[in-house]
Amino acid sequence: MSASSSASGLHWRGITPPLRLSDYKVIAFDMDSTLISIETLDEMADMMGKKAQVAALTEAAMRGDIVDYKQSLRDRVALLAGMPEAMLAQVYDERVRLNPGVETLIAACKAAGLTCLLVTGGFTCFTDRLRVRLGLDDVRANVLEVQNGRLTGRLVPQHWGDICDGEEKRRKLEQVCAELGVGLDRAIAVGDGANDLPMMRVAGLSVGYRAKPAVRLEVNVAIDEGGLDRLLELILTKNMN
């Protein structure tokens, strides 16, 4: 990444700090390995004794090595067929941890009047709880099909489409901006994997958090060390009005 840096592990390009947080109206976050420290699908697979198999597919998808993200997700979800629904709460309670700085960054964004959006290839069984916990304004995520208390290994189609992939993340960000009557130049997109690139490419400010190499090559800001709140080192948060 050809960039300047203000401190070890924080890099930027294409912007001139300090930015004003009040110049932005929307911030869209990825979930797995961005807002939270784990890949939830991998941890679900671990409960079923299939973590190595699923994690390898997840890593390849996040690097961008797998072209068909939707099929990759279907393949990984299929491996979870038969998982008791009760285990989903166990994964959340025992393994989901917020990444450092998440609450600080979201609090600053909310104080500045930004709409906080969660867009993920993950699942509503986790996003529903994170939305309440973090006070997020809107979510786009996938729904796991459950029958007789167990996962079927399939996803439930929703009114907006079948799977939230990179293009759906972009569409959701565009939709929210349109509903608010603001341009995409007033949006911030935060993520780590290749399926975050479509929304990052249209947002006014793109932020990679411990991002995969393909993502790090494109983002305005790369946070390689520390927490998500390191973004605030580049942003003027006081006297926002």
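Residues numbered from 1 in each chain as written. Predicted model: local features only at pLDDT ≥ 70, side-chain atom pairs only at ≥ 80, totals over all residues. Heavy atoms only, no water.

Under an unreviewed UniProt entry, the name given to the chain is Phosphoserine phosphatase, and the source organism is Achromobacter piechaudii. UniProt, in its Cofactor (unreviewed entry) section for the chain, records the words "Mg(2+)". (UniProt positions renumbered as here; feature names shortened; annotations may be inferred.)

Peer 1: Lay out the layout of surface pockets in plain terms, naming residues and giving numbers.
Peer 2: Here the largest pocket defines a volume of roughly 170 Å³. Around the largest pocket, the lining residues are Ala61, Gly64, Ile66, Val67, Tyr69, Asp165, Gly166, Glu167, Ala194, Asn195, Leu197 and Pro198. Where the lining of the largest pocket is concerned, the elements lending two or more residues are α7 (166–180) and α8 (197–202). Split by residue class, the lining of the largest pocket holds seven nonpolar, three polar and two charged. (1 Å grid on protein atoms, 1.4 Å probe; cavity = no way out; pocket = protein on both sides within 12 Å on 5 of 7 lines; lining within 4 Å. Points joined across faces, edges and corners; volume = space filled by probe spheres on them. Helix = DSSP H or I, 4+ residues; strand = E, 2+ residues; numbered from the N terminus. Nonpolar A, V, L, I, M, F, W, Y, C, P; charged D, E, K, R; others polar.)

Peer 1: If you had to explain the environment of arginine 97 to someone new, which residues and values would you point to?
Peer 2: You can see arginine 97 is positioned in the loop between α4 (86–95) and α5 (102–111). Here the alpha-carbon distance between arginine 97 and isoleucine 38, two residues 59 residues apart in the chain, equals 7.4 Å. Dropping the residues within four chain positions of it, arginine 97 is found in contact with Leu35, Ile36, Ser37 and Tyr92. Separated by 3.4 Å, the side chain of arginine 97 and the backbone oxygen of glutamate 94 make a polar contact. (Contact = heavy atoms within 4.5 Å. Polar contact = N/O pair within 3.5 Å; in protein donor to acceptor, adjacent residues only side chain to side chain.)

Peer 1: I'd like to hear about α4, residue by residue, with values.
Peer 2: Buried residues of α4: Leu88, Val91 and Tyr92, and no others. Within α4, the buried residues cover an arc of 95° as seen down the axis, which keeps them to one side. Tucked inside the fold, the buried residues of α4 contact α1 (40–47), α6 (124–134), β7 (144–147) and β8 (150–155). (Buried < 20%, exposed > 50% of the residue type's maximum accessible area, 1.4 Å probe, protein only. Arc of directions from axis to C-beta.)

Peer 1: Describe the side chain of asparagine 195, naming the residues involved and giving the relevant values.
Peer 2: As for its placement among the helices and strands, asparagine 195 is situated in the loop between β9 (187–191) and α8. Assessed through its relative accessible area of 8%, asparagine 195 is described here as buried. In this structure asparagine 195 touches Met62, Tyr69, Gly166 and Lys169, once residues within four positions along its chain are discounted.

Peer 1: Describe empty space enclosed by the protein, listing the residues and the values that go with them.
Peer 2: Scanning all chains against the criterion turns up one cavity of 30 Å³ or more. As a volume, the largest cavity reaches approximately 130 Å³. For the largest cavity, the lining is made up of 16 residues, of which Asp32, Glu39, Tyr69, Gly121 and Gly122 are closest to its centre. When contributions to the lining of the largest cavity are tallied by element, the ones reaching two or more residues are α1, α2 (51–63), α3 (69–78) and β5 (115–123). When residues in the lining of the largest cavity are grouped by element, the largest group, four residues, is from β5. Residues belonging to the lining of the largest cavity are distributed by class as follows: five nonpolar, six polar and five charged.

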